[in-house]
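For reference, the chains in residue letters:
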Amino acid sequence: MNNLKNLRGTFDLLPEKLTKWQNVEEIIKTQLLRASVREIRTPIIEMTELFIRGIGEGTDVVNKEMYTFTDRGNRSCTLRPEGTASVARAIINDGNLQNSQNKFWYMGPMFRYERPQAGRQRQFHQLGVEFIGYESPYSDVSLISLAWDILEKLGISELNLEINSLGDIYDRKSYQISFLKWLEDNIDNLDQDSKARIYKNPLRIMDTKNQETKQLLEKAPKLSDFLSENSLERYSIIKNQLKSMKIPFIENPNLVRGLDYYSHTAFEITSGNLGSQATVCGGGRYDNLIDQMGGPKIPAIGFAIGLERLILLAGKQFDKGRETDIYIVNKGAQAQSLALELSRKLRHYDVITEIDLSDASFSKQLKKANKCNAKSIIVIGDEEANKREFSIRSFNSNHENKNQLTISIEENVKLEKWICNNLASNTSL
Ligand code: HAM
């Protein structure tokens, strides 16, 4: 069994690291509950067809990054690279969801076969939020402000919100004709990556990282010049509303996003503290996705936050979890049996209990209690076990024995009173 390592780009999250994840997730869930966003859970594995039709054949995600395999029933399956296509499928499959407005969130692992580096993994986690059935430009701002506020609630500063309007299908079609013509005229001066994209996904050339191509593109036709009056009006309402809600943003006319389903609003939130993989949140409107996938025409908008990147940004104040309230020290078979009975009883109360089952010396057990920062200890020796009682005391008390008590295992009220007086709940996060 030697050499059995994690697959490249995948990681174990051990309990010490997970405390921060859990604290951060708790805050996110509270914000989502307050905004009436409900959880949805879709399968991690889907038919490959779903992502080809949903995300688009010309995208890097579908072309190069999917974990696709044939199952034993000879079906092509894919581990989800993102969550939006699955939510769209769930809407199509459930007629009841089609006639109402729904706000959903999901959290979980996604899979993309990318080159791993800091902030980029092959298995990573997303919080996704999708507002389905929402058309008003104000719903765009409602969604963007939710993403912004979640990040702010987590104390993350130095955030940049970039927005763009991609217009509707017709705006984009007429732009694409003119842009394609310009690209063909300038093909000799494009970098290799952009050349390869010309007929697959020309719009993505707009957000190239290649400096020379970037410079060249300054002379290319602009998508903003092809937006209809309606699209411009919509975009302008969004910008004004963001301003009036004091959410700072930058307009980035080259922001096109890597998935094909977007129309009108596209946005990303980046942080200067993340290095080269700076985008912590990306999203946009996808009014045509559900009908393109065979469902009714339902407008929608959503975003996803990369949780690994979010955890990197969230401060140290989220590192700490709840610590042990009561550590049960015991020695000998009879004492161990009573300790077990007691630890079970203690699960009725909101206290965190650790029972020592090492049968080591009392002093060793006390050291362990100290090491895990236990707030109090219960000691059960032979004598106590014989009488079916135990002594409990606050570990850090300066007043020697002041709050030490001997309690019989049957005396529930006495135990409860001691817990109330000595162990104030520490669920303050
Ligand atoms: P996306 O931009 O592909 O959008 O991903 C959203 C976020 O997931 C990124 O901004 C990043 O933080 C994180 N992310 C993506 N790939 C990786 C990776 N390989 N390693 C670590 N983090 C990563 C979507 O997935 C859309 N479904 C968002 C959306 C929802 N649009 C509408 N609704």
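About the cut-offs
- Residues numbered from 1 in each chain as written.
- Predicted model: local features only at pLDDT ≥ 70, side-chain atom pairs only at ≥ 80, totals over all residues.
- Heavy atoms only, no water.
- Helix = DSSP H or I, 4+ residues; strand = E, 2+ residues; numbered from the N terminus.
- Buried < 20%, exposed > 50% of the residue type's maximum accessible area, 1.4 Å probe, protein only.
- Contact = heavy atoms within 4.5 Å.
- Salt bridge = Lys/Arg side-chain N within 4 Å of Asp/Glu carboxyl O.

Engineer: When you look at unusual backbone geometry in this model, what are you seeing that I'm missing?
Structural biologist: Negative phi values dominate among residues other than glycine, just as trans dominates among peptide bonds. A positive phi angle, near 50°, is found at H264, a position not held by glycine. Note on placement: H264 falls in strand β9 (residues 263–271). Here H264 falls in the buried class, since its relative accessible area comes to 12%.

Engineer: What am I meant to see in the environment of A335 here?
Structural biologist: Residue position: A335 is located in helix α12 (residues 333–346). Residue A335 is classed as buried on the basis of its relative accessible area, which comes to 0%. Along the primary structure A335 and F390 are separated by 55 residues, whereas in three dimensions their C-alpha atoms are 9.2 Å apart. Not counting chain neighbours up to four residues away, the residues in contact with A335 comprise N330, I380, G381 and A385.

Engineer: Would you explain the pattern of salt bridges in this entry?
Structural biologist: Pairing between side chains of opposite charge can happen when the charged atoms of each approach one another. One pass over the full model with this rule turns up 24 salt bridges. E46 serves as the salt-bridge partner of R89, at 2.8 Å between the closest nitrogen and oxygen. Of the two residues, R89 is situated in helix α4 (residues 84–93) and E46 in strand β2 (residues 45–47); the sequence distance between them amounts to 43 residues. On the basis of relative accessibility, which here comes to 8%, the residue E46 falls in the buried class. Between K375 and D325 there is a salt bridge; the shortest N-O distance is 3.1 Å. Placement of K375 in the loop between α13 (362–371) and β14 (376–380) and of D325 in the loop between α11 (307–313) and β12 (326–330) is noted, with a sequence separation of 50 residues between them. Of the residues examined, D325 reaches a relative accessible area of 2% and is grouped as buried. Each of D140, R234, R285 and D287 takes part in salt bridges that share partners, so that together they form one network.

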